[in-house]
Amino acid sequence: PGESNDIRLTLSQPIGEAASVSSSQPLKLAIRGRWGVRHSLLTFSGDNHDFEIHGIGLRDGNANAASGIGSAISVFGVGNNVLLSNTRLQNNYAGLGGAVFMQDGTLTLRDSYFLNNNATYAGGAIAVENVNVIVEDSQFLNNQSARGAAISAEVFSASIAHEIKRSIFSNN
């Protein structure tokens with residue numbers, strides 16, 4: 001409810017080794033949070049899975065400011081590969097990882113936009129722990145946090161690497 005085009009979607013069924021959320025018309029589908037709801041818009045869990053999100057917007061997520069993580073996307077487990085492509089994450093708020101939080105795996109961002117996300121402690125747009133991060137052709141604009149306004153990366157292994165190509169970071 002809210003706008004006349006709102007659709008209520010609830011998925012609680014476990015998925016197999018791979019999952020994707022996509023729109024055939026890029027950025028025409030948006031998943032929005034509701035004020036007062038304190039959890040991630042999308043949560044993926046399990047070990048050694050591939051998750052893809054393509055062509056959608058994730059906005060207005062509001063995880064708990066004191067302890068909530070990744071208000072748009074949270075990924076838990078070991079060895080997961082996450083791809084965000086042509087995705088817009090905007091106006092998300094959490095304690096850690098305003099838009100995205102992930103542990104132990106690989107996060108790839110392509111042609112994606114992170115706008116006006118906020119985290120109380122770290123990772124205004126993204127907070128990762130022991131994650132290889134690859135950023136290509138993406139923009140991080142006006143994200144805020146006490147530490148790592150755009151990206152906060154905690155690294156516990158020498159094999160973790162980060163790569164950023166052709167991307168814009170502004171006013172973070």
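Structure first, text after, so check above.
A short tour of the structure in this document, coming up. (Residues numbered from 1 in each chain as written. Predicted model: local features only at pLDDT ≥ 70, side-chain atom pairs only at ≥ 80, totals over all residues. Heavy atoms only, no water.)

**Points about the overall build of the protein chain**
Logical step 1: A tally of helices and strands in the protein chain yields zero helices and 18 strands.
Logical step 2: The burial tally for the protein chain puts 42% of its 172 residues in the buried class.
Logical step 3: Within the protein chain, counting contacts between residues at least 6 apart in sequence, those at least 24 apart form 82% of the total. (Helix = DSSP H or I, 4+ residues; strand = E, 2+ residues; numbered from the N terminus. Buried < 20%, exposed > 50% of the residue type's maximum accessible area, 1.4 Å probe, protein only. Contact = heavy atoms within 4.5 Å.)

**A look at the sheet that holds strand β12 (residues 118–122)**
Hydrogen bonds between backbone atoms are what pair the strands of a sheet, whose relative direction is either parallel or antiparallel.
Logical step 1: With parallel pairing, three strands are arranged side by side in an open sheet as β9-β12-β15. Edge positions in the sheet fall to β9 (93–96) and β15 (144–147), since each has one partner strand and no second. Adjacent strand axes in the sheet meet at a mean angle of 5 degrees when their direction is disregarded.
Logical step 2: With three bridges joining them, β9 and β12 adopt parallel strand pairing. If you follow Leu96 over to β12, its bridge partner there is Ala122. (Pairing = 2+ DSSP bridges. Axes fitted to C-alpha atoms, helices over the stretch in contact; angles between N-to-C directions.)

**Some words on the environment of Ile164**
Logical step 1: Mapped onto the elements, Ile164 comes out in strand β17 (residues 162–165).
Logical step 2: Taking the C-alpha atoms as reference, Ile164 lies 8.5 Å from Asp137; in sequence the two are 27 residues apart.
Logical step 3: Apart from the residues lying within four places of it in its own chain, the contact partners of Ile164 are Val135 and Phe169.

**Comments concerning the pairing of strand β10 (residues 100–110)**
Logical step 1: Of all eleven residues that make up β10, eight are buried, and the element is covered over most of its length.
Logical step 2: As paired elements, strand β6 (residues 73–76) and β10 share three bridges and run parallel to each other. Bridge pairing links Ile73 to Val100 in β10.
Logical step 3: Bridge count between strand β7 (residues 80–85) and β10: six bridges; the pairing is parallel. Its bridge partner lying in β10, Asn81 is registered against Thr106.

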